[in-house]
Amino acid sequence: MQISKKLKVVAAFAVASLVFAGCSKSASEEEAAPAEEAAVVKGTGPLKIGSLLPETGSLAFLGPPEFAGVDLAVAEINAAGGVLEQPIEHIRGDSGDTSTDIAQQTADSHIAAGVGAIVGAASSGVSLTVIDKISGAGIVHFSPANTSPDLTSYADNGFYFRSAPSDTFQGAVLGQLMAANGAKNAVFLNLDDAYGNGLAKYGIAGFTGTSTQVVYNPQAAEFSADVSKAKAAKPDAIAIIGFDETTKVLTELIKQGIGPNKVKTYLVDGNLSSGAYKDLPKNIMKGVKATLPGVFTNDELKKRLLGVDPKLTDFSYAPESYDAVVLIALAAEQGKGTDGTTIRDNLTSVSSGGTKCTTFADCKALIAAGTDIDYDGVSGAIEFDANGDPSVATMGVYEYVANDKYEARAAEFITGAVPAA
Amino acid sequence: MGKAQLMRKIALGLAGFFLISSFSISGSALAAGTSSILAGEIKDSTSTPLPGVRIKLTGPNGFATQLTSDQMGKWQVKVTSTGIYDVTLDQTSLPSGQALTDVTKATRKINVLMLGTTLTVLFPIGPGTEKTPILDQSAQLLADGLILGIIIALAALGLNLVFGTTGLTNFAHGELLTLGGLLTYFFSAVAGLPVFAAIPVAVALSALIGGYLQDRLLWKPLRKRGTGLIAMLVVSIGFAIFVRYVFLFIFSGDTRQLPQFAGQAGLEIGLVSITPKSIMSTSVGLLLLIGATLWLLRSKMGKASRAVADNPALAAASGIEVEAVIRSVWILGAFLAGFAGIMVTLNQGVSFLMGQDMLLLIFAAVTLGGLGTAYGALVGSLVIGVLIQLSTLIIPTELKYVGALLILIIILLVRPQGILGRKERVG
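J.: Account for the pairing of strand E2 (residues 54-58) of chain B, with residues named and values stated.
T.: Residues and elements named next belong to chain B. Here E2 shows a buried face lined by Ile55 and Leu57 and an unburied face lined by Arg54, Lys56 and Thr58. Bridging between E2 and strand E3 (residues 64-68) involves five bridges; their strand directions are antiparallel. Its bridge partner being in E3, Ile55 is matched across the sheet by Leu67. Counting the residues that bridge the hairpin from E2 to E3 gives five residues, and of these Asn61 lies at a positive phi of roughly 60 degrees. Here E2 runs beside strand E5 (residues 83-89); their pairing, made up of four bridges, is antiparallel. Residue Lys56 lies in a different strand from E5, and its bridge partner there is Thr88.

J.: So, empty space enclosed by the protein: which residues are in play, and what are the values?
T.: Taken as a whole and judged by the stated rule, the model has eight cavities of 30 Å³ or more. A:Glu222, A:Glu252, A:Lys255, B:Ile147 and B:Asn347 are, among the 19 residues lining the largest cavity, the residues nearest its centre. Among the secondary structure elements, those contributing two or more residues to the lining of the largest cavity are helix H9 (246-255) of chain A together with helix H2 (134-166), helix H6 (276-298) and helix H9 (322-348) of chain B. With four residues, the single largest contributor to the lining of the largest cavity is H2(B). A per-class count over the lining of the largest cavity returns six nonpolar, eight polar and five charged.

J.: Residues and numbers for the sheet that holds strand E4 (residues 140-143) of chain A, please.
T.: The strands making up a sheet are joined through hydrogen bonds of the backbone, oriented either antiparallel or parallel. Residue and element names in this part refer to chain A. If you trace the five strands from one edge of the open sheet to the other, you get E2-E1-E3-E4-E5, paired in parallel fashion. With partners counted over all chains shown, the strands left at the sheet margins are strand E2 (89-91) and strand E5 (160-162), one partner each. On average, adjacent strands in this sheet sit at an angle of 25 degrees to one another, irrespective of strand direction. Bridge analysis of strand E3 (residues 117-120) against E4 gives three bridges, and the strand direction is parallel. Looking at E4, one finds that Val119 is bridged to Phe142. The strands touched by helix H3 (residues 63-79) are strand E1 (48-52), E2 and E3; relative to E2, the strand with the most contacts, the crossing angle is about 160 degrees. The strands touched by helix H12 (residues 340-351) are E3, E4 and E5; relative to E4, the strand with the most contacts, the crossing angle is about 50 degrees.

J.: Could you give an account of the layout of surface pockets, naming the residues involved and the relevant values?
T.: One number sums up the size of the largest pocket: a volume of about 1100 Å³. Lining the largest pocket we find 41 residues, and of these A:Glu55, A:Ala60, A:Pro64, B:Ser252 and B:Gly253 sit closest to its centre. Elements with a minimum of two residues in the lining of the largest pocket: helix H1 (2-22) and H3 of chain A together with helix H5 (229-251) of chain B. Among the elements that line the lining of the largest pocket, the one with the most residues is H3(A), at six residues. Considering only residue class, the lining of the largest pocket consists of 18 nonpolar, eleven polar and twelve charged.

J.: Account for the state of the cysteines, naming residues and giving values.
T.: Such a bond, covalent and formed between the sulfur atoms of two cysteines, is termed a disulfide. Residue and element names in this part refer to chain A. Taken as a whole and judged by the stated rule, the model has one disulfide over all chains. The disulfide that involves Cys357 links it to Cys363, with 2.1 Å between the sulfurs. Taking the sign of the torsion about the S-S bond as the criterion, the disulfide between Cys357 and Cys363, at about 110 degrees, is right-handed. No difference in accessibility class separates Cys357 from Cys363, as the two residues are buried.

J.: Give a description of the interface of chain A and chain B that names residues and reports values.
T.: Interfaces are often sized by the amount of accessible area the parts lose when they come together. The partner chain B presents 75 residues to the 74 residues of chain A that form the contact. Summed over both partners, the interface of chain A with chain B buries about 6400 Å², with 61% contributed by carbon and sulfur atoms. The interface formed by chain A and chain B contains four salt bridges. A:Lys255 is the salt-bridge partner of B:Asp144, the closest N and O atoms lying 2.6 Å from each other. On the surface where chain A and chain B come into contact, there are 19 residue pairs in polar contact (both at pLDDT 80 or more). At nine residues, H1(A) tops the list of elements feeding residues into the side of chain A that touches chain B. Of the residues that constitute the side of chain A that touches chain B, the class distribution is 33 nonpolar, 23 polar and 18 charged.

Criteria and cut-off values
Residue indices follow the written sequence of each chain, beginning from 1 at its first position. Going through the entries in the order they are written, you letter the chains from A and number the ligands from 1. Per-residue local features are limited, in this predicted model, to residues with pLDDT of at least 70; the limit for side-chain atom pairs, both in listing and counting, is 80 or more; totals at the level of whole chains, interfaces and linings are taken over all residues. To get the side-chain values, all heavy atoms of the structure are used, and hydrogens and water are removed first. Partly exposed describes any residue whose relative accessible area lies between the buried limit of under 20% and the exposed limit of over 50%, with all areas from a 1.4 Å probe on protein chains only and scaled to the type maximum. Each helix is a run of H or I in the DSSP string that is no shorter than four residues. Each strand is a run of E no shorter than two, and both are numbered from the N terminus. By the convention used here, strands pair only if DSSP detects at least 2 bridges between them. Buriedness for pockets is judged along seven lines, at least five of which must meet protein on both sides within 12 Å for an open set on the 1 Å grid over protein atoms alone, while cavities are sets there where a 1.4 Å probe fits but cannot get out, and lining residues have an atom within 4 Å of a point. Grid points are joined across faces, edges and corners, and a volume is the space filled by probe spheres set on the points. Polar here means any residue outside two lists: the nonpolar Ala, Val, Leu, Ile, Met, Phe, Trp, Tyr, Cys and Pro, and the charged Asp, Glu, Lys and Arg; Gly therefore counts as polar. An axis is simply a line fitted to the C-alpha atoms; with a helix, the fit covers only the stretch in contact. Between two such axes, the angle follows the N-to-C directions and lies from 0 to 180 degrees. When checking whether two residues touch, look at their non-hydrogen atoms; a contact exists if any pair is within 4.5 Å. For this text, the term disulfide refers to a pair of cysteine sulfurs within 2.5 Å. Each of two parts loses accessible area, computed with a 1.4 Å probe, when they are put together; buried area is these two losses added. One speaks of a salt bridge when a side-chain nitrogen belonging to Lys or Arg is within 4 Å of a carboxyl oxygen belonging to Asp or Glu. The term polar contact refers here to a pair of N or O atoms within 3.5 Å; inside protein, the definition further demands a hydrogen-donor-capable atom paired with an acceptor-capable atom, and it admits residues adjacent in sequence only when both atoms are side-chain atoms.

So far we have only geometry, and geometry alone does not tell us how the molecule works.
Structure follows, in structure tokens:
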């Protein structure tokens, strides 16, 4: 009797924490077709897209613009009549980060809900933990923000796509940017995961001066030893490749006298944020540069995104998220099926070769007329290669003008073919 | 930045934006020019230009050319197609006594991604930047190690006292640090109190909520029901996760900084940079540790708590009010852990995962020093803190916990009871 009571207490806590972790999901998930059925028979029901984006964790600041991109695309697609004349449905889901198990639970619930495609995750590390599960279930795994080169050649049965370029591209641009700004001896401080190590590797290859790589554990209690190692190299430029913990790394850099006011500092897509550094000493971020994949987010698109989420301050990966949803919808429309396999088989075709179109409504009309389309999105001219990676991309260069504000250096944007790993 | 310069930047930005948007609408290639320039400056380690150094380039479509650096050490080549160019410096053409920093890197692969750009190709020459000597690095690491050690010690003392008096291995102890940090953040950044005023309030509330109320509402009822230690351990794990996500729900997931103290520059004291806020908080932390130790040694309640830790049944039989002792141990533990959390928050900010990130170190310190012994926790904490930092002189920083935990394993192999633990407590 005693034992069963104890177990009840334990179970109550376990259930409570599970419920808590899962409470962001909508209740409509249960009434769904089984996933296996969809994989074998061509699905023609309403297109369901599950999102696997960071509401919590070290990339949570990227969540709002990505969700806004998805929501905006869904709203515009439905306004244009939906897919196969049925409205499409967005099932929200949190990806957490690699330190939590949230992504697995979200992927499971999306698969159970019978989605045709999952949009996410933001972190390459998180995507790598669920890619087998999602591609194994015959569902398209489409990330708007993964940049790790490891995902290029991953055995995903062709189900993995992304609208962000591999870090072979960002690394080359970042390294070149640092050299062009006069850096000769650089330190690359990167977090220890697929994204951090990959980007640092290609950044170092792109930078032709001397460089030192310092890898840190993002879950470390503090970063003094890591920064001390960076300081020992006496750098004239520091690139920080990380997520939310970048704030902690920056405070430690300032403490040890190599902060952005002393040494030229560079950030990347994972830590380009307008909110994270606002409490640091006034204007210390001024002049810090950062790279972010994607063409310049123009004011018209920003306005549309703000209509979905008026609280947005960053727009990182919102265009890529928007394009991911539109491409999935177009692939379903062209293949006349809303299941993962149909979407997979049509994604490359709608992204390249054919009559160019830039909105879902236009592209849908062309498909209805039997024309082969080539969707060019708000994030650039997306053309998938055989691995589901964009073969051509644009890399943006941004510069902080205040701690909480950065501006595009549009003249320094680089567009070109994504280099092979 | 001057106003004119700013205007120019804005103008440039706008021009570039129109260029890009017009291109993407027309859908044509985004090429912004017809040629790119590869350029470099050959200079020795004293920045003296080196003229006459031969540079060879090969690239796509059979592109090949050779040139020498001019009087200023400069060279540049125009290329008209994108792709990877191999730029090779002829090492035999360097003046005698000059050599590349890395002689294996005479060939640089330059990726021309887009035409219309200028790419800088560097060939570092000379011995390279001299790294800071190991001794100087060690001083900084030792200082940071001691600070980390004091933070761990503040947290570990409470964990160990609770374990000693109740036998509970509390996996929710890390959340007490987060509580202290978040309360300070709340009272300073949200409620607008000065940080100096927010800290005492936060510490008091930590002791009340994290110590008194936690024991009263959760652990005391479980003890009364005679819940087993393993079951309580599992409850503490569940409780930790629950509390962590409550923090996440209220404060969201990003790292918060205390407004008046974020990014304080360090003072250079000898070989060490240390921030004023860190000096102050560490001094207070040290005083609190000394105070807690004296309390344990001298006060009646302190002595009673050691008696309960030694043998609860005997202590109760000899008239010690065990529940009162446990309550005061909880309050003291939460008080110290709350301050440890505030130290971390002052130094680098607070996020809902702070306690989780620290928990492993706290447990390592407690185990190393000796489970259930108050002074063991102090010794273990300082050893762990300093070892973690100093080990990075030898091992890569991303593995810094590995070195410290390896030493933990070795010490436990030799002394299974921990440094100050007593033998009979094990097994």
